[in-house]
Amino acid sequence: PRDSIAAALADWLRTHGTQADVRIQARATVGMSQETWFGTAETDGTVHEIVLRLPTAASGGHSIIAQRSALQAVAGHGLPVPALMWFDDGSDSAFGRPFIVMARAPGQVPIGWNEIAEPLRTALAGQAIDILVALHSIDVASTVLAGSKPPPSMSLEGLHRLFCRLEPLPPAVNAAFWWLERHRPPPSLRST
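Cut-offs and rules
- Residues numbered from 1 in each chain as written.
- Predicted model: local features only at pLDDT ≥ 70, side-chain atom pairs only at ≥ 80, totals over all residues.
- Heavy atoms only, no water.
- Salt bridge = Lys/Arg side-chain N within 4 Å of Asp/Glu carboxyl O.
- Helix = DSSP H or I, 4+ residues; strand = E, 2+ residues; numbered from the N terminus.
- Buried < 20%, exposed > 50% of the residue type's maximum accessible area, 1.4 Å probe, protein only.
- Contact = heavy atoms within 4.5 Å.

## Quick word on the pattern of salt bridges
When the charged atoms of two side chains with opposite charge come close together, those side chains can pair.
Part 1 of the argument: The full count for this structure, using the stated rule, is five salt bridges.
Part 2 of the argument: Measuring nitrogen to oxygen at the nearest pair gives 2.3 Å for the salt bridge that ties Arg14 to Asp11. Within this pair, Arg14 and its partner Asp11 are both found in helix H1 (residues 2–15), separated by three residues, close to a single helical turn.
Part 3 of the argument: Owing to a relative accessible area of 39%, Asp11 belongs among the partly exposed residues under this scheme.
Part 4 of the argument: Put simply, Glu35 and Arg97 hold a salt bridge, and the shortest N to O gap is 3.0 Å. Linking Glu35 in strand E2 (residues 34–43) with Arg97 in the loop between strand E4 (84–88) and strand E5 (99–103), this pair joins segments that are 62 residues apart in sequence.

Below, the structure is given as structure tokens:
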């Protein structure tokens, strides 16, 4: 399948005005909510490390379109996100479904929170909080997401259950849940 994936992307790029030598090296073994392929695309003598994401039957094309929109919305805001290189929202694309191609971002994806030793775990938690602060400072009305319906929110209890699976939690996260519990908006202002 790697060769057929590479050929389909190269054909799509050619029909959209970009000549590229596309090579697909591997498929991700985690994050199976979408197909994730790693490769390179050489254009004008420059080799770009790329990540191709395709929806699965379970996730549907809307998930890839949401990811594309999110990447476009946060671009240029100083967040550590990969650059969106190419995309097609149509089900008539070279893959028969929507797709996105992003620049491959450096770094590692930890499989389990508990496998990360201290003090790195606390440092990563602090970085995550800083990124969330920066993310929440973006004026959504000035992005491609302006006017879109927000996704359903998760209850504080549901979010806490999700985080508890990662225990032990860093002190900053425990403090955040303590604060959130004591500063809930009135029921009339909560999303359903």
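## With respect to the environment of Val144
Part 1 of the argument: With respect to the helices, strands and loops of the structure, Val144 is situated in the loop between helix H3 (120–136) and helix H4 (156–164).
Part 2 of the argument: Separated by 34 residues in sequence, Val144 and Trp178 place their C-alpha atoms 33 Å apart.
Part 3 of the argument: Leaving out residues up to four positions away in the same chain, Val144 has contacts with Ser69, Gln72 and Ala73.

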